[in-house]
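Here are the chains, one letter per residue:
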Amino acid sequence: MKTGLVLEGGALRTIFSSGVCDALLDAGLPLPDHTVGVSAGIAYGVSYLSRQSRRNLQLVTTFANDHRYMGLGNWLNPSNRCYFGLAFSYETIPDQLLPFDYDAFEAYPGTAEAVVTNLNTGRADYLPVPRRGSPNTVLEATCAIPLMFPVFHINGQPYLDGGCADPIPWRRALEQGCDRTVVVLTRPRDYRKKADRSLRVLDRTFRAYPNFLETLHRRTEHYNRSREELFAREAAGEILVIAPEDTLGCSRTERDISVLRRLWQSGYFAGRGRLEEIRAWWNA
């Protein structure tokens, strides 16, 4: 048996997933054999793999309204060119202000992967998350929402947000042999993605990457179909899915601390409510 955990992205809305993961940590469940996540799903997920319960809750409630963390000023800064402060988010916070436990993450015996979208191919690549070092370019790249982040280059390839090509990488977990996979979503079960209104701007901005643009144009259909197939697998007893009942209006760049706390709490109670089911599923 091989256990897996799949974490959807959603920027600050991913605090729901952190609540779920914190419930698993508090219950003492063992970490999964394979963890794969998209965007903030894995960027927050590494705190789960380092067993730092509530670290993400502390992060968002402390820094959501800090202009160094996110804000238009960061994007206008020619040395940053991102809505989020890259050096502040990926170096200052984990190395100084809210220390990340690199030793514990390095000791995690399983596999941790981040999904990134290759601009040349338009396809998803699955990169191992480096256990040490900052800035963590792999985590920056998986979070790189088009137009809000610069393009990141890794091993000579240009990358952006993994959610463009594989927003819910449950198939990847199955391909890696996970026969006991838990998928944590950040949208309610009845959610349907709508057409992207920014396609015209994206077409102009990324005209040098036709395969990437093709992926962006198919993104809505691909996302909705992936969820339908995921729920069908769940109904067949092949995958366990946890999703929020309500996202409380939380946006990707939410600044209302009360909303972030409530969404984390919603995830925590969702995790606790499914605890025995997950324990049995993972034979923990």
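Conventions used here
- Residues numbered from 1 in each chain as written.
- Predicted model: local features only at pLDDT ≥ 70, side-chain atom pairs only at ≥ 80, totals over all residues.
- Heavy atoms only, no water.
- Helix = DSSP H or I, 4+ residues; strand = E, 2+ residues; numbered from the N terminus.
- Rg over C-alpha atoms; globule rule 2.2 N^0.38 Å.
- Buried < 20%, exposed > 50% of the residue type's maximum accessible area, 1.4 Å probe, protein only.
- Contact = heavy atoms within 4.5 Å.
- Areas by Shrake-Rupley, 256 points an atom, 1.4 Å probe, with all protein chains shown as cover.
- Lys, Arg positive; Asp, Glu negative; His and termini not counted.
- Charge placed at Lys NZ, Arg CZ, Asp CG, Glu CD.
- Expected span 1.5 Å × (residues − 1).
- Phe/Tyr/Trp six-rings, centres within 6.5 Å; stacked < 30°, edge-to-face > 60°.
- Salt bridge = Lys/Arg side-chain N within 4 Å of Asp/Glu carboxyl O.

**Student:** How would you explain the overall build of the protein chain if you had to name every residue and give the values?
**Tutor:** Within the protein chain, the secondary structure is distributed over 12 helices and eight strands. Over its C-alpha atoms the protein chain spans a radius of gyration of 18 Å, differing by no more than 12% from the 19 Å that the globule rule assigns to 284 residues. Projecting the C-alpha coordinates of the protein chain onto the three principal axes gives extents of approximately 50 × 40 × 35 Å. Within the protein chain, buried positions represent 56% of all 284 residues. Sequence separation of 24 or more characterises 75% of the internal contacts of the protein chain that already satisfy a separation of 6 or more. Per element, the accessible surface of the protein chain, about 12300 Å² overall, is 48% carbon and sulfur. Computing the positive centroid from 34 side-chain charges and the negative centroid from 32, the protein chain places the two 4 Å apart.

**Student:** Describe helix H11 (residues 257-273), with residues and values.
**Tutor:** Compared with the 24 Å implied by 1.5 Å per residue over 17 residues, the 24 Å span of H11 between its first and last C-alpha is a close match. All buried positions along H11 are accounted for by Val-259, Leu-260, Leu-263, Trp-264, Gly-267, Tyr-268 and Gly-271. Looking at the buried side of H11, the elements it contacts are helix H1 (15-26), helix H3 (55-63) and helix H12 (275-281).

**Student:** Give me the side chain of Thr-215: which residues, what numbers.
**Tutor:** Within the secondary structure, Thr-215 sits in helix H10 (residues 210-235). Aside from chain neighbours lying at most four places away, what touches Thr-215 is Gly-122, Cys-164 and Ala-165.

**Student:** Quick rundown of the packing of aromatic side chains? Include the residues and the values.
**Tutor:** For the structure on display, the rule yields 10 aromatic pairs. Between Phe-100 and Phe-105 the ring centres are 5.7 Å apart and the planes differ by 65°, which places this aromatic pair in the edge-to-face class. In this structure, Phe-100 and Phe-105 share a single accessibility class: buried. With a centroid separation of 6.1 Å and 75° between ring planes, the pair formed by Tyr-191 and Tyr-223 is classed as edge-to-face. Placement of the pair is Tyr-191 in the loop between strand S7 (180-184) and helix H9 (199-205) and Tyr-223 in helix H10, with a sequence separation of 32 residues.

**Student:** Can you explain unusual backbone geometry? Please cite residues and give values.
**Tutor:** In this structure, Arg-51 is a non-glycine residue whose phi angle is positive, near 60°. Turning to its location among the elements, Arg-51 is positioned in the loop between helix H2 (40-49) and H3. We classify Arg-51 as exposed; its relative accessible area is 52%. Phi angles above zero are rare outside glycine, and Asn-155 is one such case at about 55°. Along the chain, Asn-155 falls in the loop between strand S5 (152-154) and strand S6 (157-161).

**Student:** Can you tell me about the pattern of salt bridges, naming the residues and giving the values?
**Tutor:** Taken as a whole and assessed by the stated rule, the structure comprises 13 salt bridges. In this structure, Asp-66 and Arg-68 form a salt bridge, with 2.7 Å as the shortest nitrogen-oxygen distance. Judged by relative accessible area, which is 15%, Asp-66 ranks as buried. Here Arg-68 falls in the partly exposed class, since its relative accessible area comes to 39%. One salt-bridge network, in which partners are shared between bridges, spans Asp-103, Glu-106 and Arg-132.

**Student:** I'd love a proper account of the side chain of Ser-18, names of residues and values included.
**Tutor:** The residue Ser-18 is located in helix H1 in this model. Exposure remark for Ser-18: the relative accessible area of 4% places this residue in the buried category. Here Ser-18 is in contact with Tyr-44, Asn-56 and Trp-264, once residues within four sequence places are set aside.

**Student:** I'd like a description of H2, backed by residues and values.
**Tutor:** A large share of H2 lies buried, amounting to 10 of its 10 residues. Taken together, the buried positions of H2 are occupied by Ala-40, Gly-41, Ile-42, Ala-43, Tyr-44, Gly-45, Val-46, Ser-47, Tyr-48 and Leu-49. Phi for Arg-51, located one or two positions after H2, is positive at around 60°.

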